[in-house]
Amino acid sequence: AASDLKGLIFTYVWAFDEKEDWEYVNYYKSIFESHGAEVYFVELEASLEERLKRNVHPERLKLKPTKRDVKFSKKDLMETLSKHRVNSYEGEIKYPNYIKIDNTNLEPKKVARMIKERFSL
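Let me sum up the structure you'll find in this document.

Thresholds applied
- Residues numbered from 1 in each chain as written.
- Predicted model: local features only at pLDDT ≥ 70, side-chain atom pairs only at ≥ 80, totals over all residues.
- Heavy atoms only, no water.
- Axes fitted to C-alpha atoms, helices over the stretch in contact; angles between N-to-C directions.
- Helix = DSSP H or I, 4+ residues; strand = E, 2+ residues; numbered from the N terminus.
- Parallel < 35°, antiparallel > 145°, perpendicular 65-115°, else oblique.
- Left-handed = near helix turned anticlockwise from the far one by under 90°.
- Contact = heavy atoms within 4.5 Å.
- Buried < 20%, exposed > 50% of the residue type's maximum accessible area, 1.4 Å probe, protein only.

**Focus: the packing of helix α2 (residues 48-55) against helix α4 (residues 70-83)**
Helix-helix packing is characterised by the crossing angle of the two axes and by the distance between the axes. Close contact between α2 and α4 brings their axes to 10 Å; oriented N to C, the two are set at 150°. Classified by the interaxial angle, the pair formed by α2 and α4 is roughly antiparallel. Judged by the twist between their axes, the crossing of α2 over α4 is right-handed. Each of L48, R51, L52 and N55 in α2 lies in contact with α4, whose residues at this interface are S73, K74, L77, M78 and L81.

Set out below in structure tokens:
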């Protein structure tokens, strides 16, 4: 937060049904804001079918060692989705710098453009 970096992208699977996750997100948000940083929230959602396909995509397996145990990774994804609500309800997120995108059928570059345009980055 106190570095000279132009920005930081932090990804997190947020269990919206867990008070502790709200506290965790707000805690880290406050750290960056206390250093004068603007914090932007981008919520991405995709269908279960698409998430399962992406979970075994060669690029993801290459970049994320934790996904390489495909059987465990699928089990973990399914358990997380069965135990927690990982997408917000309409109007639940009150942060001014927030966007929710269903990226089920969108290419990553398109999603990046949407985010860039929404926040004038």
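**A look at the environment of E117**
Examined against the element boundaries, E117 turns out to sit in helix α5 (residues 108-118). The sequence separation of E117 and D17 amounts to 100 residues, and the corresponding C-alpha distance is 30 Å.

**Observations regarding unusual backbone geometry**
Unlike most non-glycine residues, S120 shows phi in positive territory, near 50°. Mapped onto the fold, S120 is located in the segment after α5. Assessed through its relative accessible area of 67%, S120 is described here as exposed.

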